[in-house]
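Spelled out, the chains give:
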Amino acid sequence: MNLISHLEGHSDRVWQVNWSPSGDLLASCSADKTVKIWKATPEWTCLETLQGDHTKSVRGVTWSYSGELLATASFDGTCVIYKVNSFEGVLTLEGHENEVKAVSFSYDDRFFATCGRDKTVWVWETDPDFEYETVAVLSRHTQDVKCVKFHPSKNLLASGSYDNTIGIWEEEGDEWVCKDMLVGHEGTVWSLAWNGDDLISVSEDLTMKVWRFEEERFRQHKTFSGVHSRQIYTVDHRNNLTVTGGGDDSIALYSNYQVLNVYQNAHGMDVNSVAINPVDSLLASASDDNTVKVWKLDDFE
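Summarised in this report is the structure supplied together with it. (Residues numbered from 1 in each chain as written. Predicted model: local features only at pLDDT ≥ 70, side-chain atom pairs only at ≥ 80, totals over all residues. Heavy atoms only, no water.)

A closer look at the pairing of strand β22 (residues 232-238)
Let me state the cut-off plainly: Each residue is assigned to one of three classes by its accessible area relative to the maximum for its type, calculated with a 1.4 Å probe on protein chains only: buried under 20%, partly exposed between the two thresholds, exposed over 50%. Put simply, DSSP marks the helices as runs of H or I at least four residues long and the strands as runs of E at least two long, and each gets a number from the N terminus on. A strand pair is defined by DSSP finding two or more bridges across the two strands.
The buried fraction of β22 amounts to six of the seven residues, a majority that puts the element mostly inside the structure. Bridge analysis of β22 against strand β23 (residues 241-246) gives six bridges, and the strand direction is antiparallel. Bridging from a neighbouring strand, Asp236 pairs with Val243 of β23. Between β22 and β23, which pair antiparallel one after the other, the connecting turn spans two residues, and Asn239 there sits at a positive phi close to 55°.

Section: the environment of His237
What counts is decided by this rule: In this description, contact between two residues means that some pair of their heavy atoms is separated by no more than 4.5 Å. In the analysis that follows, any N or O atom pair within 3.5 Å is treated as a polar contact, provided that within protein one partner can donate a hydrogen and the other can accept it, and provided that, for residues neighboring in sequence, both atoms belong to side chains.
You can see His237 is positioned in strand β22. The spatial distance from the C-alpha of His237 to the C-alpha of Ala275 is 8.2 Å, given a sequence separation of 38 residues. Among all residues touching His237, those that are not within four sequence positions of it are Ala193, Trp194, Asn195, Ile200, Thr242 and Ile276. Within polar-contact distance, the side chain of His237 engages the side chain of Asn195 at 3.1 Å. Only 3.1 Å separates the side chain of His237 from the backbone oxygen of Leu241, close enough to count as a polar contact.

Quick word on the pattern of salt bridges
Where side chains of opposite charge bring their charged atoms close, a pairing between them can arise. To be explicit about the condition: We define a salt bridge as a side-chain nitrogen of Lys or Arg found within 4 Å of a carboxyl oxygen belonging to Asp or Glu.
Scanning the entire structure with this criterion turns up 13 salt bridges. Between Asp180 and Arg217 there is a salt bridge, and its shortest N-O distance comes to 3.2 Å. Within this pair, whereas Asp180 is found in strand β17 (residues 175-182), its partner Arg217 is found in strand β21 (residues 217-225), the two being separated by 37 residues in sequence. A relative accessible area of 16% places Asp180 in the buried class.

Considerations on the packing of aromatic side chains
Put simply, the test is: Paired rings are identified among Phe, Tyr and Trp, the last through its six-membered ring, by centres lying within 6.5 Å, and are further divided according to the angle between planes into stacked (under 30 degrees), edge-to-face (over 60) and tilted (the rest).
Across all of its chains, the model carries eleven aromatic pairs by this definition. For the pair Phe111 and Trp176, a centre-to-centre distance of 5.2 Å together with 85° between the ring planes defines the contact as edge-to-face. Here the residue Phe111 occupies a position in strand β11 (residues 111-116), and Trp176 occupies one in strand β17, the gap between them amounting to 65 residues. For Phe111, a relative accessible area of 2% corresponds to the buried category. Taking 6.3 Å as the distance between ring centres and 65° as the angle between the ring planes, the aromatic pair formed by Phe112 and Tyr132 counts as edge-to-face. Placement of the pair is Phe112 in strand β11 and Tyr132 in the loop between β12 (121-125) and β13 (133-138), with a sequence separation of 20 residues. Members of the aromatic cluster, joined through ring pairs, are Phe105, Phe112 and Tyr132.

Encoded structure:
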């Protein structure tokens, strides 16, 4: 893994990075209340800075599967939906009592999920006229919900929480129901990723777990420990590659659930987010050091 670009521009910690479905745009969000859109032209440059829509830290950013929309989650308790063709904010969603921590679109862009400090997960039904409707408020978690992630091909949703559990939610008829609460981590579940029907989770307890759907429920399939020396904040997966980052400033790569390499001092401070490019052999990372880095995944070519 080799560094190809070190992107500076945010004035506070960068919470998350996410690639557009086409792989040519990279979004980053920050405690500086902004979202930046980056592109290689061919040098990596900032195309847009989205500002003024949030009054507090922007904690999460994600793209719709169509690539036509961008969504943000903020500590100001709102989410904003942007049209990508203009990067204009077209909808502000309110409902959470306080900080919103993460956002996720379903595989068909029909649903949109949010989660927050108020211990709830909200599911919204999207609308082409941007009249999103709340279809469920899910409240099985007993603490702050840190992350939500829709399954890549089903209306199945996972959520991770400060209560150390993972919620599994599914659409049944017109309702979203809790199918399971996965217990196994001994600390906050910070981030989730899907690998087909496998669910990958990382935690404050310094482990990464793989949950496999067997005999009608998710069961622990594999646990990785000793890879990171401080809590693991982020995980992403694509094809056979899994990547994690954490409070030890390092990034770890795994191939087919085997540790491939650990890159120490990948950033000068905590690695808050990693994102694998959907098209090219690129990885993006975001850190408390206020920067975004783009890496070439040479060891996975």
